[in-house]
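Letter by letter, the chains look like this.
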Amino acid sequence: QKEVEQDPGPLSVPEGAIVSLNCTYSNSAFQYFMWYRQYSRKGPELLMYTYSSGNKEDGRFTAQVDKSSKYISLFIRDSQPSDSATYLCAMRSQAGTALIFGKGTTLSVSS
Amino acid sequence: DTGVSQNPRHKITKRGQNVTFRCDPISEHNRLYWYRQTLGQGPEFLTYFQNEAQLEKSRLLSDRFSAERPKGSFSTLEIQRTEQGDSAMYLCASSLVAFTSGGRHTQYFGPGTRLTVL
């Protein structure tokens, strides 16, 4: 079992839909949780950064962390065609340095 | 542009050749990381530097790979005797780690160098 599991999709939604992206993990030591967005043939771009459990909102994006279930989510409201990209979850422990990534979920938003 | 930069953006080489990539981190970032990403996978950690010291290497970093950060600024990643399995996107990231950050620091990624080994 990989440390971080993420459904690769692809996920296709119409413009304006609410998108839910998820990751599960096995290492209870993970404390820092991130979502990166990666456009084709580009580097990952940080979207959201959450420490420990709880919710964080930034514009149309909401990140949730449930450490008891080892489950993190990213919600995108009012999705736009420009949101079409691969979304990578990443996490690390308090003492760790390396980010452990999921495989990424490919999202396509059609207008 | 003050982000992480990487050169070249694309590199095509023949099996057995040596290649070198360069990464320029965000100014004043003291940590620099190298990751490798293959198609359909998330990035995988290779190694990182704290200033000029290489503090951690992944078991993915075979003896054919070497990384340097000679003056604590830019870094180079060299692959010797390339193999077709080395074809991937090589990503560099940097972060600023301060004693007051309490373990929190954000890694910012560059655009990557795409390597194709024929």
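Residues numbered from 1 in each chain as written. Chains lettered and ligands numbered in written order. Predicted model: local features only at pLDDT ≥ 70, side-chain atom pairs only at ≥ 80, totals over all residues. Heavy atoms only, no water.

Asks: Which residues make up the packing of aromatic side chains, and what values go with them?
Replies: Applying the stated rule across the entire model yields 14 aromatic pairs over all chains. Relative to Y48 of chain B, the ring of Y33 of chain B has its centre 5.8 Å away and its plane inclined at 25 degrees; by these criteria the two rings are stacked. In this pair, Y33 of chain B sits in strand β4 (residues 31-37) while Y48 of chain B sits in strand β5 (residues 44-50), placing the two residues 15 residues apart along the sequence. With a relative accessible area of 7%, Y48 of chain B lands in the buried category. For the ring pair F45 of chain B and Y48 of chain B, a centre distance of 6.5 Å and an interplane angle of 50 degrees mean the geometry is tilted. Within the aromatic cluster, the residues linked to one another by ring pairs are Y36 and F101 of chain A together with Y33, Y35, F45, Y48 and F109 of chain B. The cationic tip of R92 of chain A hangs over the ring face of Y32 of chain A; the distance from NZ or CZ to the ring centre is 4.3 Å. Above the plane of the ring of F74 of chain B lies R22 of chain B, whose end atom (NZ or CZ) is 3.9 Å from the centre. (Phe/Tyr/Trp six-rings, centres within 6.5 Å; stacked < 30°, edge-to-face > 60°. Helix = DSSP H or I, 4+ residues; strand = E, 2+ residues; numbered from the N terminus. Buried < 20%, exposed > 50% of the residue type's maximum accessible area, 1.4 Å probe, protein only. Lys NZ or Arg CZ within 6 Å of the ring centre and 35° of its normal.)

Asks: Go over the state of the cysteines with me, naming the residues and quoting the values.
Replies: If you walk through the whole model with that rule in mind, you get two disulfides over all chains. In this model, C23 of chain A is linked to C89 of chain A through a disulfide, with the two sulfur atoms separated by 2.0 Å. Judged by the torsion about the S-S bond (-100 degrees), the C23 of chain A/C89 of chain A disulfide is left-handed. You can see C23 of chain A sitting in strand β3 (residues 19-25) and its partner C89 of chain A sitting in strand β9 (residues 85-93), a full 66 residues away along the chain. Each member of the pair, C23 of chain A as well as C89 of chain A, is classed as buried. Linked covalently through their sulfurs, C23 of chain B and C92 of chain B form a disulfide whose S-S length is 1.8 Å. (Disulfide = S-S within 2.5 Å.)

Asks: Explain the environment of T106 of chain B to me, and be specific about the residues and the numbers.
Replies: Along the chain, the position of T106 of chain B falls in the loop between β9 (88-95) and β10 (108-109). Placed 73 residues apart in sequence, T106 of chain B and Y33 of chain B show a C-alpha to C-alpha distance of 12 Å. For T106 of chain B, the residues in contact, after removing those within four places along its chain, are L46 and Y49 of chain A together with S94 and S95 of chain B. (Contact = heavy atoms within 4.5 Å.)

Asks: Could you give me a rundown of the nonpolar core, with the residues and numbers involved?
Replies: Core analysis: the biggest nonpolar cluster contains 24 residues, and W35, I72, L74, I76, Y87 and M91 of chain A have the highest contact counts within it. Going through the elements one at a time, β3, β4 (30-38), β5 (45-51), β7 (61-66), β8 (71-76), β9 and β11 (105-110) of chain A are the ones with two or more residues in this core. (Core = buried A, V, L, I, M, F, W, Y, C linked by side-chain atoms within 4.5 Å.)

Asks: Can you explain the sheet that holds strand β6 (residues 54-58) of chain A? Please cite residues and give values.
Replies: Residue and element names in this part refer to chain A. Spatially, β1-β3-β8-β7-β6 is the arrangement adopted by the five strands of the open sheet, whose pairing is antiparallel. Edge positions in the sheet fall to β1 (4-5) and β6, since each has one partner strand and no second. Relative to β3, β1 runs antiparallel, the two sharing two bridges. Bridge assignment links E5 to a residue of β3, and that residue is T24. (Pairing = 2+ DSSP bridges.)

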